[in-house]
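# Chain and residue survey
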Amino acid sequence: MRANWESALGKYFAPNCLEPAIANDGIIRFLAQCAMNGQKSIVNSVELSEEGELYQNLPVHYTLDGEKTEALVKFSLDKDGLIACVIID
């Protein structure tokens, strides 16, 4: 599974930053929680709401078991524009 994440997203992350983002910052935790609870999740839309030199904020609209909801995904970027940190609110 980690190899799939690396293959699909690795080029967008700063060195040594993909693993913490998927393991510690909630991406896998969210997906695992959905799977364990038998919940179906669908991403409806993602938009860029705020952007600075070293960050991007994106509201993610998704449906979880038929209920529409939203999360704010915050990306911190390094000097090369690669993702250094992901926070899901």
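Attention here is on the structure that accompanies the text. Everything quoted here is computed from the prediction, not taken from an experiment. (Residues numbered from 1 in each chain as written. Predicted model: local features only at pLDDT ≥ 70, side-chain atom pairs only at ≥ 80, totals over all residues. Heavy atoms only, no water.)

### Let's talk about the side chain of N57
Which entries qualify depends on this criterion: The secondary structure listing takes helices from DSSP runs of H or I that are at least 4 residues long and strands from runs of E that are at least 2 residues long, numbered from the N terminus. Between two residues, a contact is recorded if the distance between any of their heavy atoms is within 4.5 Å.
Among the structural elements, N57 can be located in strand 3 (residues 55-64). N57 has contacts with E47, L48, S49, E50, L72, V73 and K74, leaving out every residue within four places of it along the chain.

### Things to note about the pairing of strand 4 (residues 67-77)
How we decide: Two strands qualify as a pair provided that DSSP identifies no fewer than 2 bridges between them.
Here strand 3 runs beside strand 4; their pairing, made up of ten bridges, is antiparallel. By the bridge assignment, N57 is partnered in strand 4 with K74. The hairpin formed by strand 3 and strand 4 contains two residues between the paired strands, and D65 there has a positive phi angle of roughly 50°. Two strands pair when backbone bridges link them, and strand 4 and strand 5 (residues 83-88) are joined in this way by five bridges, in the antiparallel orientation. Looking across to strand 5, one finds that K74 is bridged to I87. Turn length for the strand 4-strand 5 hairpin, with the two strands adjacent in sequence and antiparallel, is five residues, and the turn residue G81 shows positive phi of about 80°.

### So, unusual backbone geometry
Phi is positive for N16, close to 65°, though the residue is something other than glycine. When you line up the elements, N16 lands in the loop between helix 1 (2-9) and helix 2 (18-23). Within the chain, D65 stands out as a residue other than glycine whose phi angle is a positive 50°. Looking at where D65 falls in the secondary structure, it is placed in the loop between strand 3 and strand 4.

In short, shape yes, function no, at least from these values alone.
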